[in-house]
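Structural overview
In case you want the letters, here they are:
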Amino acid sequence: MTDPLASPPWLLLVSAFLAMETADSLVSLAKVCGGGSITEKVQRFIWDHCINEAARKGHAPYLKCFLKKLINENESNCSEVLDELYEQYAYLMTSMKSFKGNARVRKYITFLFPDGCLYLPSCPKSRKLMFPLQCSLNMLEGDTGCSIWPSSLFLSEFILSFPDIFSNKSCFEVGSGVGLVGICLAHVKASKVKLTDGDLSTLANLRLNLELNQLITKTDAPEKLSEDQNVVKCFHLPWESASESEIHAFMPEIILAADVIYNPECFPHLVRVLANLMNQRKSCSQSRKDTSESSVPDSIWVETKVNGTNEGFIAHVHASGKSDSNGHGIDSRKGAPKRDHPVAYIATVIRNIDTFNYFLELAEQASLTVADITETLKPFNLLPYMQSYDRSSIRLFTVSSN
Ligand SMILES: C[S@@+](CC[C@H](N)C(=O)[O-])C[C@H]1O[C@@H](n2cnc3c(N)ncnc32)[C@H](O)[C@@H]1O
């Protein structure tokens, strides 16, 4: 018999459960598994692969909410409910302590790779990657940095879809939050991953997530590890107080950010940090380039205007001229174009167009070029079970120094 965990829709159901998707979406996935209803076989699967697991490490209010929904669904259709599920629900009803809004939970984010799309240096044969992440149920906790925001899911899908852009590159993230982007960067073998955040409680939670994913070890065990063995490091970096010399110490090749363009008060500082990161390496590499012979680039950057607007769209075009409509394949062999100066990849939801335009204005004043690459380099949909994640609301921009 084939392992149900290896095939959709069962795989989608268990992935959605581990990522703590809503009870409604779990019930609809469970119905897909049962061909329209939550059959005994589906309930047995839920009991074995979701509830039993969750009872050990899960979050009781979440479990209770899911069970309530499932039981209601079956009772309203006059369908049987397994005794075990009733009993677990009754147990949770009586034993659960009062629920606090700031509760931390452990979500498991599973990236599911479709056939033929996978090229991950860390696990070339794997079809799925699962990362545990501690996060808060309160979206505002840790200055918003203790929950997973959709832009970081998108940026993570991008990194895993185009690993060659990032592998062997030194990467630097601002506003790292729970650390998912950094964990994906480590998986595609970025040479260095530096994660930063301005909030100290977010940073503590980020550090814990790196430990959970075996990417960093506790600082209290120095004998086990010399300082430089961790590829991933995290730093406290509030944009307002980051000094030029502090920023210059980093010198990354690639800068990343997810969902940091929302508070206009921070923009002057954020843009200053980005401009400093961009320009330092540029001036360094420029002097190197001036003394070396010119060579034919592997790829060129093409900037086009779309729909007659001023929105600049930049496409990666490989020297071979090969690409597909999604941009997949462009980078699969050789990676993104070799650039002498850093480029930033920023994923964001544009919630308020005036706020976003203000960011663009400041970027322009700082001589930064912002280009929308959402339609040009589309990542694979690696989170097909996540109904709470609306990929269409996210834009991906590159920022470079002009
Ligand atoms: C909306 S959260 C996004 C977190 C994460 N990148 C994600 O997408 O899940 C914004 C992040 O930026 C950080 N942040 C906000 N203002 C900041 C500032 N002025 N300096 C440094 N970090 C800041 C917050 O602490 C938080 O982690």
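Everything here concerns the structure above.
Conventions and cut-offs
Residue numbers restart at each chain and count upward from 1, following the sequence in its written direction. For this predicted model, a pLDDT threshold of at least 70 governs which residues receive local features, and a threshold of 80 or more governs which side-chain atom pairs are given and counted, while totals over whole chains, interfaces and linings are taken from all residues. Side-chain measures were taken over the full set of non-hydrogen atoms in the model, leaving aside hydrogen atoms and water. What counts as a helix is a DSSP run of H or I of at least four residues, what counts as a strand is a run of E of at least two, and both are numbered from the N terminus. Every helix has an expected span of 1.5 Å times one less than the residues it contains. Three labels apply to residues, based on accessible area from a 1.4 Å probe with only protein chains included: buried if under 20% of the type maximum, exposed if over 50%, partly exposed otherwise in between. For this quantity, the arc is that covered by the directions from the helix axis to the C-beta atoms. The contact definition used throughout considers only heavy atoms, calling two residues in contact when any of these lie within 4.5 Å. The term salt bridge refers to a side-chain nitrogen of Lys or Arg lying within 4 Å of a carboxyl oxygen of Asp or Glu. When charges are counted, neither His nor the chain ends are considered; positive counts come from Lys and Arg and negative counts from Asp and Glu. Orientation is described by axes fitted as lines to C-alpha atoms, over the contacting stretch for helices, and by angles from 0 to 180 degrees between their N-to-C directions. We call two directions roughly parallel when the angle between them is under 35 degrees, roughly antiparallel when it is over 145, roughly perpendicular when it lies between 65 and 115, and oblique otherwise. Working rule for handedness: look at the near helix, and if it is turned counterclockwise from the far one by less than a right angle, call the crossing left-handed; if clockwise, right-handed. Throughout, the ten residues Ala, Val, Leu, Ile, Met, Phe, Trp, Tyr, Cys and Pro are labelled nonpolar, Asp, Glu, Lys and Arg are labelled charged, and all others, Gly among them, are labelled polar. Proximity is defined per residue: if any heavy atom of the residue lies within 4 Å of a molecule or strand, that residue is considered near it. Between N or O atoms, a polar contact is any pair within 3.5 Å; within protein, one atom must be a potential hydrogen donor and the other a potential acceptor, and residues adjacent in sequence are included only when both atoms are from side chains. DSSP bridges decide pairing: two strands pair if at least two such bridges lie between them. Clockwise travel from the first strand over the helix to the second, with the strands pointing away from the viewer, marks a crossover as right-handed. Buried Ala, Val, Leu, Ile, Met, Phe, Trp, Tyr and Cys residues that are joined via side-chain atoms within 4.5 Å together make up what is termed a nonpolar core. As used throughout, domain bounds are those supplied by an automatic or database domain assignment.

**Structural notes on helix H9 (residues 200–212)**
Given a rise of 1.5 Å per residue, 13 residues ought to cover 18 Å, and the 18 Å separating the end C-alpha atoms of H9 matches this to within 8%. Of all the residues in H9, the buried ones are Thr202, Leu203, Asn205, Leu206, Asn209 and Leu210. Seen end-on, H9 carries its buried residues on one side only, within an arc spanning 165°. Where H9 is buried, its residues meet strand E1 (104–112), strand E2 (128–136), helix H8 (180–187), strand E4 (192–197) and strand E5 (232–236).

**Regarding the pattern of salt bridges**
By the definition in use, this model includes nine salt bridges. For Glu73, the salt bridge identified is with Lys31, shortest N-O distance 3.0 Å. With Glu73 in helix H4 (residues 60–76) and Lys31 in helix H2 (residues 23–33), this pair connects stretches of sequence that are 42 residues apart. Using a relative accessible area of 27% as the deciding quantity, one classes Lys31 as partly exposed. With a closest N to O distance of 2.7 Å, Arg104 and Glu141 form a salt bridge. You can see Arg104 sitting in strand E1 and its partner Glu141 sitting in the loop between E2 and helix H6 (150–161), a full 37 residues away along the chain. Classification of Glu141 by relative accessible area gives buried; the value is 15%.

**A closer look at the side chain of Lys107**
Within the secondary structure layout, Lys107 lies in strand E1. It is Glu21 that comes nearest to the buried, bridge-free Lys107 among opposite-charge side chains, at 6.5 Å. Beyond its immediate sequence surroundings of up to four residues, Lys107 is in contact with Leu18, Ala19, Met20, Phe131, Pro132, Leu133, Cys135 and Ile148.

**Some words on the packing of H2 against H4**
Where H2 contacts H4, the axes come no closer than 9 Å and their chain directions differ by 50°. Considering their axes alone, H2 and H4 lie oblique with respect to each other. Between H2 and H4 lies a crossing whose hand is right-handed. On H4, the residues that touch Ala23, Asp24, Leu26, Val27 and Lys31 of H2 are Tyr62, Cys65, Phe66, Lys69, Leu70 and Glu73. Broken down by class, the residue content of the contact of H2 with H4 amounts to seven nonpolar, no polar and four charged.

**Some details on H6**
With twelve residues, H6 should reach 16 Å at 1.5 Å per residue; the first-to-last C-alpha distance of 16 Å fits that figure. Extensive coverage of H6 is indicated by the burial of eleven of its twelve residues. What H6 keeps buried is the set Ser151, Ser152, Leu153, Phe154, Leu155, Ser156, Glu157, Phe158, Ile159, Leu160 and Ser161.

**A few points about the site of the ligand**
Contacts to the ligand come from 23 residues, most closely from Trp149, Gly175, Asp197, Glu240 and Ala258. Measuring from a nitrogen atom of the ligand, one finds a backbone N or O atom of Ala258 at 2.9 Å. Its residues assigned to classes, the shell around the ligand comprises eight nonpolar, ten polar and five charged.

**Things to note about the pairing of E4**
With respect to burial, E4 is a largely interior element, five of its six residues being buried. Bridge count for strand E3 (residues 170–174) against E4 is four bridges, and the pairing is parallel. Note on E4: the bridge partner recorded for Phe172 is Lys194. Once you follow E3 into H8 and on to E4, the crossover reads as right-handed.

**Observations concerning the nonpolar core**
In a soluble, globular protein the nonpolar side chains are often hidden away together inside. Of all hydrophobic cores here, the largest spans 88 residues; its most connected members are Ile46, Ile109, Phe111, Phe166 and Tyr345. Among the elements that make up this core, the one with the highest residue count is helix H1 (residues 10–18) (eight residues). Inspection of this core shows a minimum of three residues originating in each of domain 1 (4–95) and domain 2 (139–401).

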